[in-house]
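# Results of the structural survey
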Amino acid sequence: MRVLIIFLGILFTMNITSCRSRVVVSNPNVKVIAVAPKNHKVVYLKGKRYYFWNGNYHKKTRKGYVIVRL
C-alpha cells in the first residue's frame, strides 16, 4: 500500500509540472514607430481606429505604431 501511495504521489507531481512555456515569435520585418508625426490623420474603418501618414495605415500598439495592410 505504501508503494502505491508513493507511486501515485510521483505520478501526480509529474502531471502538475509541465514542460510547456509560452514562446512569442516576432516578425523581424516589423518596424515599430514610437511617436506618430504631427501631420497624421485618424481614420476609422469598420469601427477600428487607424492612423494614416506617408501613404501607410498604422495601428497603435503598446510599444508604438506598426504598419498594417488594409
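Refer to the structure printed above.
The structure presented is a predicted model; accordingly, all values stated were derived computationally and were not measured. Counting from 1, residues in each chain are numbered in the order their sequence is written. This being a predicted model, a pLDDT of at least 70 is required before a residue's local features are given, and a value of 80 or more before pairs of side-chain atoms are given or counted; all residues contribute to the totals for chains, interfaces and linings. Note: side-chain values were computed over all heavy atoms of the structure, leaving out hydrogens and water.

## Here we look at the overall build of the protein
The criterion, for reference: Strands here are runs of E lasting at least two residues and helices are runs of H or I lasting at least four, both read from the DSSP assignment and numbered beginning at the N terminus. Note on exposure labels: buried denotes an accessible area under 20% of the residue type's maximum, exposed denotes more than 50%, and partly exposed covers the range between, all computed with a 1.4 Å probe on protein chains only. For this analysis, residues touch if any pair of their heavy atoms sits within 4.5 Å. Per-residue and other accessible areas were derived by the Shrake-Rupley procedure at a 1.4 Å probe size, with only the shown protein chains allowed to occlude residues.
Helix and strand counts for the protein come out as one helix and four strands. Classification of the 70 residues of the protein by burial places 11% in the buried group. Relative to all contacts within the protein whose residues are 6 or more apart in sequence, the contacts with residues 24 or more apart total 29%. For the protein, the exposed area adds up to about 7,000 Å²; of that, 59% sits on carbon and sulfur atoms.

## Side note on the pairing of strand E1 (residues 41-45)
The cut-off we apply is this: In this scheme, strands are said to pair when DSSP sees at least two bridges between them.
One ladder, built from five bridges, connects E1 with strand E2 (residues 48-53); its direction is antiparallel. Of the residues in E2, the one forming a bridge with Val43 is Tyr50. Counting the residues in the hairpin turn of E1 and E2 gives two residues, including Lys46, whose phi is positive at 55 degrees.

## Quick notes on the sheet that holds E2
Note the cut-off: Orientation is described by axes fitted as lines to C-alpha atoms, over the contacting stretch for helices, and by angles from 0 to 180 degrees between their N-to-C directions.
Read across the sheet, four strands follow the order E1-E2-E3-E4 without closing on themselves; strand pairing throughout is antiparallel. Two strands in the sheet have a free side with no partner beyond their single neighbour: E1 and strand E4 (65-68). Averaged over neighbouring strand pairs, the angle between their axes works out to 45 degrees when direction is ignored. Of the strand pairs in this sheet, strand E3 (residues 56-60) and E4 are connected by four bridges, and their pairing is antiparallel. Across the sheet, residue Tyr57 finds its bridge partner in E4, namely Val68.

## Side note on a nonpolar patch on the surface
What counts is decided by this rule: Surface patches are defined over residues having more than 30% relative accessible area and no salt bridge, joining like charges when they lie within 9 Å and nonpolar side chains (Val, Leu, Ile, Met, Phe, Trp, Tyr) when within 5 Å. The salt bridge definition used is simple: a Lys or Arg side-chain nitrogen within 4 Å of an Asp or Glu carboxyl oxygen.
A contiguous nonpolar surface patch, about 660 Å² in accessible area, is contributed by Met1, Leu4, Ile5, Phe7, Leu8 and Leu11. One can find Leu4 in helix H1 (residues 2-16). Under the relative-accessibility criterion, Leu4 is labelled partly exposed at 45%.

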